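# Residue-level structure breakdown
The primary structure of each chain is shown beneath.
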Amino acid sequence: MRPVILVVDDDVLILEFLDKTFAEAGYDVRPAPSGKDALAILEEIQPDLVLLDLMLPDMSGVQVLGIIKEKYPLLPVVIVTAYRETDTAVLAMKLSAADYVNKPIQLDRLLKVTRKALAESALRRERAKEERAAGILAGSDNVVPSRSPVLRDIYDTIARITRGHTSTVLILGESGVGKDVIANLIHRSSSRADGPFLEINCASLSETLLESELFGHEKGAFTDAVVQKNGLLELGDKGTVFLDEIGEMPLQVQVKLLRVLEKTIFRRVGGTRDIQVDVRIIAATNRNLAEYVKQGLFREDLFYRLKVVQLNLPPLRSRPEDILPLAEYFVGLFNERFGKRFREIHPEAKEALLAHHWPGNIRELKNLIERAVLLEDGPVLLKDHVLVAPDAATEQGLADRIDAALGRPLPRAGIDLEGIVGELEEALVRKAYADAEGNQSRAARLLRLNRDKFRYRMRQYKIKE
Ligand SMILES: Nc1ncnc2c1ncn2[C@@H]1O[C@H](COP(=O)(O)OP(=O)(O)O)[C@@H](O)[C@H]1O
Ligand SMILES: [Mg+2]
């Protein structure tokens, strides 16, 4: 994106000249012929720099500068004057302008000053962002700070949203990328940190149970409702409620949730009274919600309401800079837990970790290190200890999917039975072949198949040739 420069000058010829000059130098210009115009434009766009003539028809440039500095302290302003140079320099500093150029404008100087002011401003913004991100992570020593620019941006977004009013947050990302961790960070960095953080998995409960868990129920609302019970939303008052696997929430419950989000009120199951609550809702899912909306499994209005603040957590494989810091952290963690003394990760082991695809993301990495530290002895974590087979990627993904299918109610979007079964068969045939070191009779025995059946599958999956 081209940087945008707001040029404030009452001289039309100068505006035209600067427009052309800046366009050629790679900038976009918004012209403002007066101070009032400039301030009005600033209400609607955020330029990267302001070039401000101090001699304006309607108000003094000094006054305009003062207002800009007060309202937009990070916006760099370069002033243009016809004053004698030393006076201008002093004035510019006093007014905390980024820099100055004198009239008549010298092109070289103008472009140089512009470039420098933009670069300094970008650096300042970056530093401010890093400070906010660091603030979010401070005090969370069980969270390894990510080095990925995408995650740094997410930390910064968290810092912003937890300062303002209570916005709902939607966290998206594959299984194991750290959605729970981020939800916790949001809670802990917010003014609700002293309030409760309550979590519920929408995929693990039946519709009736989920509803009564969330909203509570009145005495006698249904057969088992012998006493009145408060739901998570009530219990989470002044705190945060984390709705995990929101994609699996039944439509009837979605209707009620939307009401909570829009009006901050709800009724207990069997209740007739509206109850007001003050909670932040964080929702998470590893599913494609837009797809769910298309299939009629997720309400569109709720989807749009949820995704106002949306955090997309990238998979571990797309942020390799995080792999080793996480691995080292987990080694320390499990050293302590199991009383082991691993001191370092062998360079070859590091290479293997970096080369892996991590379909199970951080959870997979954590499990792998846990197993290695538990089973092996230190002090060096070797490649053999963290061996991730070349095709473990697909197997792990498969294992995750089988787990996901069997570990809880099936997703409403359904599962790909034939795909999973086919992949499982192929993975096991390959595994047997590898374990038998290429000996087909032995491989067949490992799968309790006769040789013909085994060979048939070898051909089917194009293993070997
Ligand atoms: N930044 C991090 N530092 C340390 N551990 C992490 C970090 N992110 C995730 N983990 C760990 O990885 C595992 C998976 O994270 P989780 O938040 O449960 O993922 P998700 O909810 O996306 O499936 C958890 O055990 C969590 O503690
Ligand atoms: Mg989770």
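Residues numbered from 1 in each chain as written. Chains lettered and ligands numbered in written order. Predicted model: local features only at pLDDT ≥ 70, side-chain atom pairs only at ≥ 80, totals over all residues.

### Description of the sheet that holds strand β10 (residues 240–244)
Going by this rule: Two strands are said to pair when DSSP picks up at least two bridges between them. What counts as a helix is a DSSP run of H or I of at least four residues, what counts as a strand is a run of E of at least two, and both are numbered from the N terminus. For helices, the axis comes from a line fit to the C-alpha atoms of the stretch in contact; other axes are also lines fit to C-alpha atoms, and the angle between any two N-to-C directions lies between 0 and 180 degrees.
Strand order in this open sheet of 5 strands is β7-β10-β13-β6-β14, and the pairing throughout is parallel. One side of each edge strand has no neighbouring strand; the edge strands of this open sheet are β7 (197–201) and β14 (310–312). The sheet shows a mean angle of 20° between the axes of neighbouring strands, taken without regard to direction. Note: strand β6 (residues 169–172) against strand β13 (residues 280–285), 4 bridges, orientation parallel. When the sheet's bridge partners are listed, Val169 is paired in β13 with Ile282.

### Examining the domain arrangement of the protein chain
Heads up, the rule is: Delimitation of the domains relies on an automatic or database domain assignment.
One can read the domain layout of the protein chain as domain 1 (4–128), domain 2 (149–312) and domain 3 (316–394). Placing the centre of domain 1 and that of domain 3 at their C-alpha centroids yields a distance of 53 Å.

### Comments concerning helix α13 (residues 323–338)
Stated precisely, the cut-off is as follows: Expected helix span is taken as 1.5 Å per residue step, with the number of steps being one fewer than the number of residues. Residue burial is a threshold on neighbouring C-beta atoms within 10 Å of the residue's own C-beta, all placed from the backbone, with 20 or more meaning buried, 12 or fewer meaning exposed, and counts in between meaning partly exposed. In this description, the arc belongs to the directions extending from the helix axis to the C-beta atoms.
Between the first and last C-alpha of α13 there are 22 Å, a value that for 16 residues agrees with the 22 Å anticipated at 1.5 Å per step. Those residues of α13 that sit buried are Ala327, Phe330 and Val331. Each buried residue of α13 sits inside an arc of 110° when the element is viewed along its axis, so together they form one side. Of the residues flanking the end of α13, it is Gly339, one or two places downstream, whose phi is positive at about 60°.

### Some words on the pairing of strand β2 (residues 28–32)
As a reminder of what qualifies: With strands facing away from the observer, any crossover in which the path from the first strand over the helix to the second runs clockwise is taken as right-handed.
Alignment of strand β1 (residues 4–8) against β2, held across 5 bridges, turns out to be parallel. Among the inter-strand pairings, Val8 is bridged to a residue of β2, identified as Ala32. Handedness of the β-α-β unit built from β1, helix α1 (residues 12–24) and β2 comes out right-handed.

### Overview of the site of ligand 1
Note the cut-off: For each residue, a C-beta position is placed from the backbone atoms; the residue is near a molecule or strand when that point lies within 6 Å of it.
Contacts to ligand 1 come from 14 residues, most closely from Val144, Gly178, Lys179, Asp180 and Ile362. Two domains each put at least three residues into the shell around ligand 1: domain 2 (149–312) and domain 3 (316–394).

### Remarks on the nonpolar core
What counts is decided by this rule: Each nonpolar core reported here comprises buried Ala, Val, Leu, Ile, Met, Phe, Trp, Tyr and Cys residues connected via C-beta atoms within 7 Å. C-beta atoms are placed from the backbone for every residue, and two residues are taken to be in contact when these atoms lie within 7 Å.
Formed by 62 residues in total, the largest nonpolar core has its most connected members in Ile158, Ile171, Ile282, Ala283, Val331, Leu365 and Ile369. A domain split of this core shows at least three residues from each of domain 2 (149–312) and domain 3 (316–394). Ile369 has contacts with Ala327, Phe330, Val331 and Phe334, leaving out every residue within four places of it along the chain. By size, the runner-up hydrophobic cluster in this structure holds 31 residues, among which are Val78, Ala97, Ala98 and Val101.

### Considering the environment of Val373
As for its placement among the helices and strands, Val373 is situated in helix α15 (residues 361–375). Classification of Val373 as buried rests on a count of 24 C-beta atoms within 10 Å. Along the primary structure Val373 and Val386 are separated by 13 residues, whereas in three dimensions their C-alpha atoms are 9.5 Å apart. When sequence neighbours within four positions are dropped, the list of residues in contact with Val373 reads Val331, Phe334, Asn335, Phe338, Lys340 and Phe342.

### Considerations on the sheet that holds strand β3 (residues 49–53)
The 5 strands are arranged β2-β1-β3-β4-β5 in an open sheet whose pairing can be described as parallel. Of all strands in the sheet, those bounded by a partner on one side alone are β2 and β5 (99–102). Within the sheet, the average angular offset between the axes of one strand and its neighbour, ignoring direction, is 20°. Against the sheet, helix α3 (residues 61–71) makes contact with β1, β3 and β4 (77–81), and its axis sits at roughly 160° relative to β3, the strand it touches most.

### Some details on the environment of Leu52
Residue placement: Leu52 occurs in strand β3. Owing to 26 C-beta atoms within 10 Å, Leu52 belongs among the buried residues under this scheme. Separated by 158 residues in sequence, Leu52 and Leu210 have C-alpha atoms that sit 59 Å apart. Once residues within four sequence positions are removed from consideration, Leu52 is found in contact with Val8, Gly61, Val64, Leu65, Val77, Ile79 and Val80.

### Here we look at unusual backbone geometry
A cis amide bond, omega -5°, links Lys103 with the succeeding residue Pro104. Mapped onto the elements of the fold, Pro104 is located in the loop between β5 and α5 (107–137). Of note in this structure, Lys238 is not a glycine but carries a positive phi near 70°. Positive phi, close to 55°, is recorded for Glu245, a residue that is not glycine.

### Notes on helix α8 (residues 207–215)
Residues Leu210, Glu211, Ser212, Leu214 and Phe215 constitute the buried set of α8. Looking one or two residues past α8, Gly216 carries a phi angle of roughly 75°, positive in sign.

### Looking at the packing of α5 against helix α6 (residues 149–163)
Our working rule: Just so you know how the angles are binned, under 35 degrees is roughly parallel, over 145 roughly antiparallel, 65 to 115 roughly perpendicular, and the rest oblique. Note on residue categories: nonpolar means Ala, Val, Leu, Ile, Met, Phe, Trp, Tyr, Cys or Pro, charged means Asp, Glu, Lys or Arg, and polar means any other residue, Gly included.
Packing of α5 against α6 leaves a shortest axis separation of 8 Å and a crossing angle of 75°. Here α6 runs roughly perpendicular to α5, going by the angle between their axes. Note on element contacts: α6 touches α5 through Arg152, Tyr155, Asp156, Ile158 and Ala159, opposite Lys129, Arg132, Ala133, Gly135, Ile136 and Leu137. Each residue belonging to the contact of α5 with α6 can be placed in one class, and the counts come to 6 nonpolar, 1 polar and 4 charged.

### Observations concerning the packing of α8 against helix α10 (residues 251–263)
Packed helices, taken two at a time, are described by the angle between their axes plus the distance between the axes. For clarity, the cut-off: The sense of a crossing depends on the near helix, which, turned anticlockwise from the far helix by less than a right angle, makes the crossing left-handed and, turned clockwise, makes it right-handed.
Contact pair α8 / α10: the axes reach a minimum separation of 10 Å and the direction vectors enclose 15°. Here α8 is positioned roughly parallel relative to α10, judged by the angle of their axes. Seen along the crossing, α8 lies across α10 with a hand that is right-handed. The residues of α10 that touch α8, namely those facing Glu207, Leu210, Glu211, Leu214 and Phe215, are Gln252, Val253 and Lys256. Its residues assigned to classes, the contact of α8 with α10 comprises 4 nonpolar, 1 polar and 3 charged.

### Describing the environment of Lys36
Among the structural elements, Lys36 can be located in helix α2 (residues 35–44). Sequence separation of Lys36 and Met59 is 23 residues, and the distance between their C-alpha atoms is 7.8 Å.

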